[in-house]
Amino acid sequence: MFAPMDAHVVTDLIQTAAAAAASVRLIKLNLAKQFPALLTFLVFLALMNFGLGLMNDGSFVYFWTYFAVETLKCVFGVLAVRELFALTFRDYPGLQSASRWVMYGGIALSLAISLFVTGFVWQGTATGREHSHLFYVEVSVRAVMFALATAIILNFVFLSRYPLHLEKNTLVCSAFFGIVFLSQACCLFLDSLAPQLYDRYIDSTEEIFLIACLAGWTWMLGPKAAPKPATMRYSTPQEDHLLDQLTLLNQMMTRSVRR
């Protein structure tokens, strides 16, 4: 008789399948060239969960592999969000550069504050040197994920003010990453409160939520919009005023970057 498979392993493997399916759909819709960083993130997510799902989560190899993949996940996450900002402000290079620097500054500030506060308040609830390393890794990854989610939310607030008329796929991808990064930051925060710095039920719940997000994102993703023929479009005076503001802001940011 085969031993029953651990629930954590099952969710890891299902998450692998969901990320792989999302990657395949991205390629089939001919969106890989438009979203290369997003595709890289999804492929990495699939490989990461497949590899970790086959390992014993109590082993030494799993522990240090987790360290490495969490760091890489942050790097790929930053690249994916940077790509979304580039698509959002494609026609406004000054704002594009400013959005990147705001994101980098937010990550640096979030990391600095989190590690500074942790160094003062953490009393080593979990014993052992490895747990100490794990705690600081969780704090660092949580800070990066929270900063990325905040950057995306602020971007949505900014977009709600100006009539940029973005593609549906860009909006869907931005919402997907914002929700995923925020959920992972919350999960890591709850894990940091547990005696051993992780909780199987919390992690499994977060993984199920991520699977649902991947499935929803895959379903909502549409084919790349064909270029529309030039048509006469009449804008309102309010839209013209807002677009003039946006152009002026872009010019200011462009001059600042050149300096």
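Keep in mind the model is a prediction, meaning the values are calculated, not measured.

1. Regarding a nonpolar patch on the surface
- The grouping of Leu109, Ile113, Phe116 and Val117 at the surface amounts to a nonpolar patch, some 400 Å² of accessible area in total.
- In this structure, leucine 109 sits in helix H4 (residues 93-121).

2. Quick notes on the packing of aromatic side chains
- All chains considered together, the criterion is met by 9 aromatic pairs.
- Each ring, one from phenylalanine 89 and one from phenylalanine 158, has its centre 5.7 Å from the other, and the planes form 70°; the classification is edge-to-face. Taken together, the residues phenylalanine 89 in the loop between helix H3 (60-88) and H4 and phenylalanine 158 in helix H5 (residues 129-159) connect sequence positions 69 residues apart.
- Judged by relative accessible area, phenylalanine 89 falls into the buried class, the value being 3%.
- Note on tryptophan 101 and tyrosine 104: the rings are 5.6 Å apart at their centroids and 85° apart in plane angle, and the pair reads as edge-to-face. Pair noted here: tryptophan 101 and tyrosine 104 are both in helix H4, with a separation of 3 residues, about one helical turn.

3. Observations regarding the pattern of salt bridges
- One pass over the structure, following the stated rule, counts 1 salt bridge.
- Lysine 73 is the partner of glutamate 70 in a salt bridge, and the nearest nitrogen-oxygen pair spans 3.2 Å. Here glutamate 70 and its partner lysine 73 are both found in helix H3, 3 residues apart, which amounts to about one turn of the helix. As far as burial versus exposure is concerned, glutamate 70 and lysine 73 are alike and both buried.

4. Let's talk about the packing of H3 against helix H6 (residues 168-193)
- Viewed as axis vectors pointing N to C, H3 and H6 meet at an angle of 150°, and their least axial separation amounts to 11 Å. In this view, H3 runs roughly antiparallel relative to H6, as classed from their interaxial angle. Of the two elements, H3 crosses H6, and the hand of that crossing is left-handed. Seen from H3, the contacting residues are Tyr66, Lys73, Gly77, Ala80, Val81, Leu84, Leu87 and Thr88; seen from H6, they are Thr170, Cys173, Ser174, Phe177, Phe181, Gln184 and Leu188.
- Within the contact of H3 with H6, the residues separate by chemical class into 9 nonpolar, 5 polar and 1 charged.

5. A closer look at the packing of helix H2 (residues 36-53) against helix H7 (residues 200-220)
- The interhelical angle for the contact between H2 and H7, taken along N-to-C directions, is 140°, at an axis separation of 14 Å. As the angle between them shows, H2 and H7 are arranged oblique. Both H2 and H7 take part in a crossing whose hand is left-handed. Residues Leu38, Leu42 and Leu45 of H2 form the contact with H7, whose own contacting residues are Leu210, Leu214 and Trp217.

Reading the values: rules and limits
Residues numbered from 1 in each chain as written. Predicted model: local features only at pLDDT ≥ 70, side-chain atom pairs only at ≥ 80, totals over all residues. Heavy atoms only, no water. Patch = residues over 30% accessible without salt bridge, like charges linked within 9 Å, V, L, I, M, F, W, Y side chains within 5 Å. Areas by Shrake-Rupley, 256 points an atom, 1.4 Å probe, with all protein chains shown as cover. Salt bridge = Lys/Arg side-chain N within 4 Å of Asp/Glu carboxyl O. Helix = DSSP H or I, 4+ residues; strand = E, 2+ residues; numbered from the N terminus. Phe/Tyr/Trp six-rings, centres within 6.5 Å; stacked < 30°, edge-to-face > 60°. Buried < 20%, exposed > 50% of the residue type's maximum accessible area, 1.4 Å probe, protein only. Axes fitted to C-alpha atoms, helices over the stretch in contact; angles between N-to-C directions. Parallel < 35°, antiparallel > 145°, perpendicular 65-115°, else oblique. Left-handed = near helix turned anticlockwise from the far one by under 90°. Contact = heavy atoms within 4.5 Å. Nonpolar A, V, L, I, M, F, W, Y, C, P; charged D, E, K, R; others polar.

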